[in-house]
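Analysis of the macromolecular model
Each chain, letter by letter, is given below.
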Amino acid sequence: MTYKDPERKKETDRRSQYRNLYGITIADYDSMLEEQLDSCGICGTHQSLLDKRLHVDHCHDTDKVRGLLCSNCNLALGLFKDNLDTIQRAIDLLKGLTNEKM
């Protein structure tokens, strides 16, 4: 199917991506966005301050959608490979650095 309107094609691609990758609709996405007050689920950066739409975060083992994240937070979780032990060690390290400076 050929689209003369590039915006319509983007929305069609977005709808397909959400359905095929995450099993959600654009309405589901919009509902999550509203629940998160249009902000990243981790850092709280508002959607209006971002260059890109918030990413759909999901568990790679269960495919369960967890929420919407900005690019930085989504990348950070990916780099940590969703490993809770590694994330906790990072938290402990940051707490230790914060405590040393006080």
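Just above sits the structure.
As the structure is a prediction and not an experimental result, all values here were calculated from the model.

Cut-offs and rules
- Residues numbered from 1 in each chain as written.
- Predicted model: local features only at pLDDT ≥ 70, side-chain atom pairs only at ≥ 80, totals over all residues.
- Heavy atoms only, no water.
- Helix = DSSP H or I, 4+ residues; strand = E, 2+ residues; numbered from the N terminus.
- Expected span 1.5 Å × (residues − 1).
- Buried < 20%, exposed > 50% of the residue type's maximum accessible area, 1.4 Å probe, protein only.
- Arc of directions from axis to C-beta.
- Core = buried A, V, L, I, M, F, W, Y, C linked by side-chain atoms within 4.5 Å.
- Contact = heavy atoms within 4.5 Å.
- Pairing = 2+ DSSP bridges.
- Salt bridge = Lys/Arg side-chain N within 4 Å of Asp/Glu carboxyl O.

On to helix α1 (residues 6-22), then. The first and last C-alpha atoms of α1 sit 23 Å apart over 17 residues, in line with the 24 Å expected at 1.5 Å per residue. Of the residues making up α1, those classed as buried are T12, R14, Y18 and Y22. Across the axial projection of α1, the buried residues extend over an arc of 160°, all falling on one side. The outward face of α1, more than 90 degrees from its buried face, is lined by the exposed residues P6, R8 and N20.

This next bit is on unusual backbone geometry. Here D38, not a glycine, exhibits a phi torsion of approximately 60°, which is positive. Inspection of the secondary structure puts D38 in the loop between α2 (26-35) and β1 (55-58). By relative accessible area, which is 31% here, D38 ends up partly exposed. Here the phi dihedral of K81 falls at roughly 55°; this positive angle occurs in a residue that is not glycine.

Turning our attention to the nonpolar core. Inside soluble globular proteins, nonpolar side chains tend to come together where they are buried. One finds Y18, I24, Y29, L54, V56 and L68 to be the most contacted residues of the largest nonpolar core, which totals 16 residues. Those elements that place two or more of their residues in this core are α1, α2, β2 (65-69) and α3 (71-79). The element that contributes the greatest number of residues to this core is α2, accounting for four residues. In this structure, Y18 is in contact with G23, I24, T25, I26, Y29, R53 and V56, ignoring residues within four places of it in sequence.

With that settled, consider the pairing of β2. Of all five residues making up β2, four are buried, and the element is well covered by its neighbours. As paired strands, β1 and β2 are joined by four bridges and run antiparallel to one another. In the sheet register, V56 faces β2, and the bridge partner there is L68. Count of turn residues in the β1/β2 antiparallel hairpin: six residues, of which D63 carries a positive phi of about 65°.

A separate point is the pattern of salt bridges. The full count for this structure, using the stated rule, is seven salt bridges. Of the charged contacts in the structure, one is a salt bridge between D57 and R66, with a shortest N-O distance of 2.7 Å. We classify D57 as buried; its relative accessible area is 7%. Since its relative accessible area comes to 43%, R66 is described here as partly exposed. Taken together, the salt bridges that share partners define one network made up of E11, R14, D30 and R53.

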